[in-house]
Amino acid sequence: MGYYDEHYTERDTRQKRSRRGGALSAFIGAVVGGLVVLLSLPLLSNLGILPYNAGDSQGEDTSLVASEQPEDVQTVSYSVNTDVTQAVDQVSDAVVGVINIQQSNPFQEQGGEGTGSGVIYKAAGDKAFVVTNHHVIDRANGIEVSLADGTRVPAELLGSDVITDLAVLEIDSENIDTVAEFGNSDSLRVGEPAIAIGNPLGLRFSSSVTQGIISATERSIPVDLTGNGQVDWHAEVLQTDAAINPGNSGGALLNIEGQVIGINSMKIAQSSVEGIGFAIPTSVALPIIEDLERYGEVKRPQLGVGIQSLNEIPSYHWQETLNLPSDVRAGVMVSSVSPMSAAERAGLEQYDVIVEIDGEEITDGHDLRRFLYTEKQVGDEVEVTYYRNGSRETVMVQLAEQQSF
């Protein structure tokens, strides 16, 4: 071995020993430093220097827990209560079942329309008042109301109205804690939420809730009141896609505020039709309810004539039979005049065509009835504008009380 090789081997050995010593020193230093930090944590925490509590966890999770939240962090609280549930909670106890007792067997519960729904809308003294549908209590030998808790109480029929399909019942107020609040149906807009509460298919499904929207605010549905196949009235209703099934009749249609804006009344029951239900708006129902509660009937004014809308008559007869001017395209024809009626006393005749009452345009029979029933009272005098043999004329008519259908 030469000098160079020997010298290199000794130098390499010294370098290796130096590296081992440095690594050992670093390791020992890290261990000692770690122990110092670990032992000093409780002291630093107690002095408030650290932003967390490093005290004894006594066997619990040893992860560090912040002692206080930074000022820019907010606690978020989430509630499962939605607007819909709040609206339902506000009214659900005021929606009741209405049982039409017709059969001789007292243990047999009437199904279908014999078991409907109702809404407690008023409590005064020891009496409470329920609105429901006329067809729910029609031809009943007795009526019971099933409260939200299942208690059944006898009900007295104060009055019903076949035209609007409304009825008012009276019950004892002893167990009544919740009364529904009426809202303004005139302020409704298409597309806003609608909630229906009632007893579809009987009391087994009492207080069922369905949700949808207001599909239309002014629907006119033809109604045959006498069963003769002729349209006697056009019911002004709200349209909704909230499910309304047999047994829902008489229940509440709510807005998102939990106010009753309609009384559920009917549904197009065809297999090809879904999501079309109807309710009587409060703007129509409230005056009827007040009359039924006070008088037991609805006091409506009438002219005392039979009418037929001009749009139901072949246009050929407009000029050839009725002698109407070519610019008259809407109105109602007087098809008959009742003896001793207000119309007969005023001189109205068959085939007269009424186009205005008190300056209000009358385009069809629904317009005429709606104007008289909502704007006028028995005994009011109105100015009727009509055409007779091509001549435009006016006459004053004092309205009399309408006879029942």
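Rules and cut-offs
- Residues numbered from 1 in each chain as written.
- Predicted model: local features only at pLDDT ≥ 70, side-chain atom pairs only at ≥ 80, totals over all residues.
- Heavy atoms only, no water.
- Phe/Tyr/Trp six-rings, centres within 6.5 Å; stacked < 30°, edge-to-face > 60°.
- Buried < 20%, exposed > 50% of the residue type's maximum accessible area, 1.4 Å probe, protein only.
- Helix = DSSP H or I, 4+ residues; strand = E, 2+ residues; numbered from the N terminus.
- Arc of directions from axis to C-beta.
- Pairing = 2+ DSSP bridges.
- Axes fitted to C-alpha atoms, helices over the stretch in contact; angles between N-to-C directions.
- Contact = heavy atoms within 4.5 Å.

Please give an account of the packing of aromatic side chains that cites residues and values.
Evaluation of the coordinates by the stated rule reveals two aromatic pairs. With centroids separated by 6.4 Å and ring planes inclined at 40°, the aromatic side chains of Tyr121 and Phe129 adopt a geometry described as tilted. Here Tyr121 matches Phe129 in class, with each residue buried. Relative to Phe182, the ring of Tyr121 has its centre 5.9 Å away and its plane inclined at 40°; by these criteria the two rings are tilted. Of this pair, Tyr121 sits in strand E4 (residues 115-124) while Phe182 sits in the loop between strand E8 (166-172) and strand E9 (193-198), placing them 61 residues apart in sequence.

Kindly report on helix H2 (residues 83-91), identifying the contributing residues and their values.
Within H2, the full set of buried residues consists of Val84, Ala87, Val88 and Val91. Down the axis of H2, the sector holding all buried residues measures 95°, keeping them to one side.

Tell me what's going on with unusual backbone geometry, and back it up with residues and numbers.
One non-glycine residue with positive phi stands out, namely Asn323, at about 55°. Taking relative accessible area as the criterion, Asn323 reaches 35% and is therefore assigned partly exposed. Even without a glycine there, the phi angle at Tyr351 is positive, about 80°. Mapped onto the elements of the fold, Tyr351 is located in the loop between helix H6 (342-346) and strand E18 (353-357). A residue is classified by how much of its surface remains accessible, and Tyr351, at 46% relative accessible area, is partly exposed.

If you had to explain the sheet that holds E4 to someone new, which residues and values would you point to?
Strand order in the closed barrel formed by six strands is E3-E4-E5-E8-E7-E6, with antiparallel pairing between adjacent strands. Shown here is a sheet whose adjacent strand axes are inclined to one another by a mean of 40°, direction ignored. Bridging between E4 and strand E5 (residues 127-132) involves five bridges; their strand directions are antiparallel. Following the sheet pairing, Ala123 is matched in E5 by Ala128. Packed on one face of the sheet, helix H4 (residues 282-295) meets E4, E5, strand E7 (152-161) and E8 and runs near 50° to E8.

Which residues make up the pairing of strand E11 (residues 233-240), and what values go with them?
Remark: a regular strand shows side chains that alternate across the two faces of the sheet. Of all eight residues in E11, six are buried; the element is thus mostly enclosed. As judged from the seven bridges shared by strand E10 (residues 208-223) and E11, these two strands associate in the antiparallel manner. When the bridges of E11 are listed, Pro222 appears paired with His234. Where E11 lies against strand E14 (residues 277-281), three bridges are found, and the strand directions are antiparallel. The residue of E14 that forms the bridge with Thr240 is Gly277.

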